[in-house]
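Geometric and topological summary
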Amino acid sequence: MRLYATVAAGGFRRHATYRVATAAGVFTNTVFGLILSYTYIALWAERPQLGGYSTDDALAYVWIGQSLITVCGLMGGGFEDELIERIRTGDIAVDLYRPADLQAWWFSADLGRSAYQLLGRGIVPMAVGWLAFRFTLPAGPGSWLAFLVAAALGSTVGFAIWYLVAMSAFWLLDGQGVVQAAWLGGLFFSGMLLPLNVFPGALGEVARALPWASLLQVPADVYLGTYQGWGLAGAYAFQAGWAVVLLGAGRAAQAAATRKVVVQGG
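Residues numbered from 1 in each chain as written. Predicted model: local features only at pLDDT ≥ 70, side-chain atom pairs only at ≥ 80, totals over all residues. Heavy atoms only, no water.

With that out of the way, let us pick up the overall build of the chain. A count of helical and extended segments in the chain gives 12 helices and zero strands. Sequence-ordered secondary structure for the chain, helices as α and strands as β, is α-α-α-α-α-α-α-α-α-α-α-α. Taken against the 2.2 N^0.38 rule, which gives 18 Å for 266 residues, the C-alpha radius of gyration of the chain at 19 Å falls within 12% of a compact globule. Across the 266 residues that make up the chain, the buried fraction comes to 46%. At a minimum sequence separation of 6, the contacts of the chain that also span at least 24 residues come to 79%. (Helix = DSSP H or I, 4+ residues; strand = E, 2+ residues; numbered from the N terminus. Rg over C-alpha atoms; globule rule 2.2 N^0.38 Å. Buried < 20%, exposed > 50% of the residue type's maximum accessible area, 1.4 Å probe, protein only. Contact = heavy atoms within 4.5 Å.)

Nonpolar side chains collect at one region of the surface, where Phe27, Val31, Phe32 and Ile35 lie side by side and expose about 410 Å² of accessible area between them. Its place among the elements puts Val31 in helix H2 (residues 19-46). The exposure class assigned to Val31 is partly exposed, which follows from its relative accessible area of 31%. (Patch = residues over 30% accessible without salt bridge, like charges linked within 9 Å, V, L, I, M, F, W, Y side chains within 5 Å. Areas by Shrake-Rupley, 256 points an atom, 1.4 Å probe, with all protein chains shown as cover. Salt bridge = Lys/Arg side-chain N within 4 Å of Asp/Glu carboxyl O.)

Relative to the 21 Å expected for 15 residues at 1.5 Å per residue, helix H1 (residues 2-16) spans 21 Å between its end C-alpha atoms, a close match to the ideal helical length. Taken as a whole, H1 has its buried residues at Val7, Ala8, Gly11 and His15. Along the axis of H1, the buried residues cluster in a sector spanning 100°; they form a single face. Away from its buried face, by an angle of more than 90 degrees, H1 presents the exposed residues Arg2 and Arg13. Where the residues of H1 are buried, they touch H2 and helix H6 (102-133). (Expected span 1.5 Å × (residues − 1). Arc of directions from axis to C-beta.)

Membership of the largest hydrophobic core comes to 34 residues, with the highest contact counts inside it found for Ile64, Leu68, Leu74, Phe135, Leu216 and Tyr223. Counting only elements with at least two residues in this core, the list comes to H2, helix H3 (55-68), H6, helix H7 (141-167), helix H11 (217-223) and helix H12 (230-265). Every residue in contact with Tyr223, bar those within four places of it in the chain, is listed here: Ala60, Ile64, Met126, Phe135, Thr136, Leu137, Pro138, Trp144 and Phe147. In this structure, Phe79, Phe159, Val165 and Val179 belong to the second largest nonpolar core, which totals 20 residues. (Core = buried A, V, L, I, M, F, W, Y, C linked by side-chain atoms within 4.5 Å.)

Within the element layout of this structure, Val128 appears in helix H6. Taking the C-alpha atoms as reference points, Val128 and Thr30, separated by 98 residues in sequence, lie 7.3 Å from one another.

What follows covers the environment of Trp130. Mapped onto the fold, Trp130 is located in helix H6. The partly exposed category is assigned to Trp130, whose relative accessible area is 29%. Sequence separation of Trp130 and Leu145 is 15 residues, and the distance between their C-alpha atoms is 19 Å. Beyond its immediate sequence surroundings of up to four residues, Trp130 is in contact with Phe135 and Leu137. Among the polar contacts made by the side chain of Trp130, one reaches the main-chain carbonyl oxygen of Phe135 at a distance of 3.5 Å. (Polar contact = N/O pair within 3.5 Å; in protein donor to acceptor, adjacent residues only side chain to side chain.)

What follows is the structure in structure tokens.
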């Protein structure tokens, strides 16, 4: 466990060194948050209570999305390109022979990255958005804690998705096509463009059942107090269930890849 804690700390420090990139990310998230906010204001003026949200709730949703976009990997996990490149060049063989689990190593590094992104690119856009629009805030410290738990579970699901995407490079050689497909899926089915509650009929039901809903829609609804008591437990169970399934699939892909490397190397 000490090894993986060290890797997580290293992931945090690594991303903390890119201060200019962090500042640029904060600026970008803030600008897009402002654009989306005024778009949502116009939409909710025409359709009050759309998706069951008030205008203040919808604005909170916008800024939650801007805060979690890198934390939960809505548009990329931040590590998959590096992992795919190591697979493409064959350097991954060295990683597989190390006395450390490959998935746990990358998960630890991504945990450090997510923690830094929450502090570096999460808090400031959220604060700017609240100063500009005075949107809905959680009822108290317990609600904030519940939201952070949902965000942590969302980050875990996000890692599991992008780890599977990276593992596809063992068989496809170039994983960029899968990366693009996952990027589009995350953009649409996480609720980044519009809350999934707005999606009509069967499309909405399917979208809310997919793993990408764990990245934004569920944390946002936890923030807004939609889930209480057993409903909150059910929301966490939904996220944890997808995390277990996807991490298990990633481990199965890793085992198959290891056998492939051993056969080719032997």
